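Each chain, letter by letter, is given below.
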Amino acid sequence: MKTALLEGKKPAHFDKHIIGNLLLDVAPPDEVLKEKMLIGVRNEAGEIFRLIGATKINSFMNAVEELFDLGLVDELQDTEEPKDGFDAIFSEP
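## Quick look at the side chain of Thr3
Phase 1: Mapped onto the elements, Thr3 comes out in strand β1 (residues 2-5).
Phase 2: Its relative accessible area of 1% is what places Thr3 among the buried residues.
Phase 3: Side chain to side chain, Thr3 and Arg50 meet in a polar contact 2.8 Å long.
Phase 4: Within the structure, Thr3 has its side chain in polar contact with the backbone oxygen of Leu51 (distance 2.7 Å).
Phase 5: Excluding residues within four positions of it along the chain, Thr3 makes contact with Leu24, Asp25, Val26, Ala27, Val32, Arg50, Leu51 and Ile52.

## Section: the pairing of strand β3 (residues 37-42)
Phase 1: Along β3, six of the six residues are buried, which leaves the element largely enclosed by surrounding structure.
Phase 2: The alternating pattern of β3 places Met37, Ile39 and Val41 and Leu38, Gly40 and Arg42 on opposite faces, both of which are buried.
Phase 3: As defined by bridge partners, β3 adjoins strand β4 (residues 48-54) across six bridges and the pair is classed as antiparallel. Across the sheet, residue Gly40 finds its bridge partner in β4, namely Leu51.
Phase 4: Counting the residues between successive antiparallel strands, the hairpin from β3 to β4 contains five residues, one of them, Gly46, with a positive phi of roughly 85°.
Phase 5: Across three bridges, the pairing between β3 and strand β6 (residues 88-91) is parallel. By the bridge assignment, Ile39 is partnered in β6 with Ala88.

## Some remarks on the packing of aromatic side chains
Phase 1: Tallied over the full model, the rule gives two aromatic pairs.
Phase 2: Summarising the aromatic geometry, the rings of Phe68 and Phe90 are spaced 5.2 Å apart at their centres and angled 75° between planes, so their arrangement reads as edge-to-face. Separated by 22 residues along the polypeptide, Phe68 in helix α3 (residues 57-69) and Phe90 in strand β6 bring together distant segments of the chain.
Phase 3: By relative accessible area, which is 36% here, Phe68 ends up partly exposed.

So, how was this worked out
Residues numbered from 1 in each chain as written. Predicted model: local features only at pLDDT ≥ 70, side-chain atom pairs only at ≥ 80, totals over all residues. Heavy atoms only, no water. Helix = DSSP H or I, 4+ residues; strand = E, 2+ residues; numbered from the N terminus. Buried < 20%, exposed > 50% of the residue type's maximum accessible area, 1.4 Å probe, protein only. Polar contact = N/O pair within 3.5 Å; in protein donor to acceptor, adjacent residues only side chain to side chain. Contact = heavy atoms within 4.5 Å. Pairing = 2+ DSSP bridges. Phe/Tyr/Trp six-rings, centres within 6.5 Å; stacked < 30°, edge-to-face > 60°.

This is the structure:
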């Protein structure tokens, strides 16, 4: 899985837990956006600050599970369709 911070967006206070719990390779944002499945993570201001891209469904599901374990919620969990190119968007409840 690949990840990137978006320039000009403040990382959320829980960001270090994401890095600590998920095995992520840092890559440029445009490279992460090319992955098959995309997860966005919102900061306290409601802005997506981190992209996480997964090639395989297993990796995507593992990432989603870890983010749920951190107490985050997926805004898209009740929808079938991606939103703004994201398959999941996580934020604090």
